[in-house]
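Take a look at the letters that make up each chain.
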Amino acid sequence: MTPGSTSPDSTSPDRRSSGARALPTVTDTEAFGSEIAAELRAGDLVILDGPLGAGKTALARGIGAGLGVVGRVSSPTFIIAREHRPGDSGRPGMVHVDAYRLGGLDELDALDLDTDLEDTVVVVEWGEGVAERLADHHLLVRLRRDPDTDVRRVEWEWVTSE
């Protein structure tokens, strides 16, 4: 597949592509997060969507590892947002948000994530339908888990607000 392909069978994320692939293990999910991180820069918004157990936090861990952020990336469920400082790699830091408990746009606005977007990558779990307005463009990543095989399926696309 050539870079920039928008074919639905594209298997590597880049800033112009959309695609899908299977992620058989948590390690595969984290590795895919690292691949995503290679394409991210300060100011990018990543929205992760999927049901409980789909692999959103594992993907965020991979993104954090790929960015080289400081500290363990874990679910921010009870604190809503966790900031991870940049490491020595020269890559941006990451703000990891769990929007599941947010009551709507007012509570999202109260987090001042639009300010963080200038200097970091913001990754929002449960963010579809809520966080898109934070940026003119974002990477939407949808994860689904097959209950019979436990294999995750990921679909991604870069979306530009109109």
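Since we're looking at a predicted model, the values are computed, not measured.

Novice: How do you make sense of the overall build of the protein when you look at a structure like this?
Specialist: Scanning the protein for helices and strands turns up four helices and seven strands. For the protein, with 162 residues in total, the buried portion stands at 44%. Relative to all contacts within the protein whose residues are 6 or more apart in sequence, the contacts with residues 24 or more apart total 59%. A total of about 8,100 Å² of accessible surface is found on the protein, and carbon and sulfur atoms cover 48% of it.

Novice: So what exactly am I meant to see when it comes to the packing of helix 1 (residues 26-39) against helix 2 (residues 56-67) here?
Specialist: In helix packing, the relevant descriptors are the interaxial angle and the interaxial distance, both defined with respect to the helix axes. Packing of helix 1 against helix 2 brings their axes to within 6 Å, and their N-to-C directions diverge by 45 degrees. In terms of their interaxial angle, helix 1 and helix 2 are classed as oblique. Here helix 1 and helix 2 pass one another in a crossing that is right-handed. Touching V26, T29, E30, F32, G33, S34, I36 and A37 of helix 1 are A58, L59, R61, G62, I63, A65, G66 and L67, all from helix 2. A per-class count over the contact of helix 1 with helix 2 returns nine nonpolar, five polar and two charged.

Novice: Please explain the pairing of strand 7 (residues 152-160) as it appears in this structure.
Specialist: A regular strand places its side chains so that they alternate between the two faces of the sheet. Two strands pair when backbone bridges link them, and strand 1 (residues 18-23) and strand 7 are joined in this way by six bridges, in the antiparallel orientation. Residue pairing across strands places R21 opposite V154, the latter belonging to strand 7. Here nine bridges tie strand 6 (residues 137-145) to strand 7, and the two strands are oriented antiparallel to one another. Residue pairing across strands places H137 opposite T160, the latter belonging to strand 7.

Novice: How should unusual backbone geometry be read in this particular structure?
Specialist: Trans peptide bonds make up most of the peptide bonds, and negative phi angles are found at most residues other than glycine. The phi torsion at D150 lies on the positive side, around 65 degrees, for a residue other than glycine. Its location among the elements puts D150 in the loop between strand 6 and strand 7.

Novice: Where do I start with the environment of G43 in this structure?
Specialist: Along the chain, the position of G43 falls in the loop between helix 1 and strand 2 (45-49). The exposure class of G43 is partly exposed, given its relative accessible area of 23%. Considered as a pair, G43 and V122 are 79 residues apart in the sequence and their alpha carbons are 7.6 Å apart.

Novice: What am I meant to see in the environment of E83 here?
Specialist: Structurally, E83 is set in strand 3 (residues 81-84). With a relative accessible area of 56%, E83 lands in the exposed category. For E83, the residues in contact, after removing those within four places along its chain, are M94 and V95.

Calculation criteria
- As a convention, each chain's residues are numbered from 1 in the sequence order in which they are written.
- Restriction of local features to residues with pLDDT of at least 70 applies here, the model being predicted, together with a cutoff of 80 or more for giving and counting side-chain atom pairs; totals for whole chains, interfaces and linings are based on all residues.
- Heavy atoms from the whole structure form the basis of all side-chain values; hydrogens and water molecules are not counted.
- In this text, helices come from DSSP runs of H or I with a minimum length of four residues, and strands from runs of E with a minimum of two, each type numbered from the N-terminal end.
- Burial here depends on accessible area, computed with a 1.4 Å probe over protein chains only, as a share of the maximum for the residue type. Under 20% is buried, over 50% is exposed, and the range in between is partly exposed.
- Should any heavy atoms of two residues lie within 4.5 Å, those residues are counted as being in contact.
- In these tables, accessible area is a Shrake-Rupley quantity obtained with a 1.4 Å probe, and a residue counts as shielded only by the protein chains included in the view.
- Only the stretch in contact is used when a helix axis is fitted, and all axes are lines through C-alpha atoms; the angle between N-to-C directions ranges over 0 to 180 degrees.
- When describing relative orientation, an angle under 35 degrees is termed roughly parallel and one over 145 degrees roughly antiparallel, while 65 to 115 degrees is termed roughly perpendicular and anything else oblique.
- For any pair of crossing helices, the crossing counts as left-handed if the nearer helix is rotated counterclockwise from the farther one by less than a right angle, and right-handed if it is rotated clockwise.
- Amino acids outside the nonpolar list (Ala, Val, Leu, Ile, Met, Phe, Trp, Tyr, Cys, Pro) and the charged list (Asp, Glu, Lys, Arg) are all regarded as polar, and Gly is one of them.
- When DSSP locates at least two bridges between a pair of strands, those strands are taken to pair.

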